[in-house]
Amino acid sequence: MQTRAEVFEQIFTIFLGLGTLVGIIVVAYTLYNAYKYRDSDAPTDDDELPTLGELPTGGKGGKKLFVSFGMSAIIVLGLVLWTYTWLIYVETGPEEPGEDALEVDVEGQAFSWSFEYENGVETSSNGEGLVVPEDTAIWVNVTSIDVWHAFGIPDQRVKADAIPGETDVTWFATEPLEESDGERVVNEDGIECFELCGQGHSGMTSNVTVMEEEAFEEWMAEQEAAMEDNSSGDNETDDANGDNATKVRGVTLNV
């Protein structure tokens, strides 16, 4: 599975290499012809020599011109189709979210991000940020609760609009961690807002933490346990308040 960053880097490298090669060929051919057809007093019988007032044929009845245009068209069309195929991959993702993929709901608000996992665990940019496992496809459902924002992870080439009342779905893939990296890699300010949203726009950032699979499962288990403890504590508080509660027309009043 290739990541978005790898795809864009591959496209950039191919176009840079071909552009450099074409540039070298064009410049070299131009210099060659400038030298070959330089002004001199010696007469020449070269059939390829351009004649003033006549349309150049490219030599040999226009065969060179036809071949050069044909090859150029084939190369350009091939690049367009190849690039379009990879852009479709970037747009749709390697596959629909499956058992191995991780889905995260991302919510933007002035001026922070909140993240909710499928099991109900929540984090925020004011806490640990976005925590994900290594070598995994991550699908994010992005929205906003106030004004327009834009969720982006530059290193992953990820960007999605965060618009109130709408959900923009995008994805990225984390790479396997090397043994020397340890249990986690924290990308400080890996998440940014790319839509001018107010005075605190520049500070609307968050971390992206990539963990080894086992470390991520342990972290998730800790978050679930803490969530259950908080839920139990809230229930105990409700029960305690219930002893001194009086119902008036269906409304509970604490006395």
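With respect to unusual backbone geometry
Following Ala110, the chain continues into Phe111 via a peptide bond in cis, with omega recorded as 0°. Along the chain, the position of Phe111 falls in the loop between β1 (102-109) and β2 (112-117). We note that Asp135 has phi near 50°; this positive angle belongs to a residue other than glycine. Checked against the element boundaries, Asp135 lands in the loop between β4 (130-133) and β5 (137-144). When its relative accessible area of 49% is taken as the criterion, Asp135 is described as partly exposed. Backbone geometry at Arg157 places phi at a positive 55°, although glycine is not the residue there. Looking at the element boundaries, Arg157 is found in the loop between β6 (149-153) and β7 (158-162).

A word on the sheet that holds strand β3 (residues 122-124)
Sheet architecture is open: five strands sit in the order β3-β2-β1-β5-β8, paired in mixed fashion. In this open sheet, the two strands that pair with only one neighbour each are β3 and β8 (168-173). In this sheet, adjacent strand axes meet at a mean angle of 25° when their direction is disregarded. Direction of pairing for β1 relative to β5: parallel, over a ladder of seven bridges. Across the sheet, residue Glu103 finds its bridge partner in β5, namely Trp139.

As for the confidence of the model for the chain
Considering every residue of the chain, the mean pLDDT works out to 81; 76% of them sit at 70 or more. Residue range residues 244-255 is modelled with pLDDT below 50. Its contacts to residues more than four positions away, or to other chains, number 13 contacts.

Digging into the nonpolar core
If you look at the biggest cluster of nonpolar residues, it comprises 31 residues, and the most contacted ones within it are Val104, Trp113, Tyr117 and Phe151. Here this core gets four residues from one element, more than from any other, and that element is helix α3 (residues 213-242). The next biggest cluster of nonpolar side chains, apart from the first, holds 10 residues, and it includes Ile11, Trp139, Trp171 and Ala173.

Procedures and definitions
Residues numbered from 1 in each chain as written. Predicted model: local features only at pLDDT ≥ 70, side-chain atom pairs only at ≥ 80, totals over all residues. Heavy atoms only, no water. Helix = DSSP H or I, 4+ residues; strand = E, 2+ residues; numbered from the N terminus. Buried < 20%, exposed > 50% of the residue type's maximum accessible area, 1.4 Å probe, protein only. Pairing = 2+ DSSP bridges. Axes fitted to C-alpha atoms, helices over the stretch in contact; angles between N-to-C directions. pLDDT = per-residue confidence, 0-100. Contact = heavy atoms within 4.5 Å. Core = buried A, V, L, I, M, F, W, Y, C linked by side-chain atoms within 4.5 Å.

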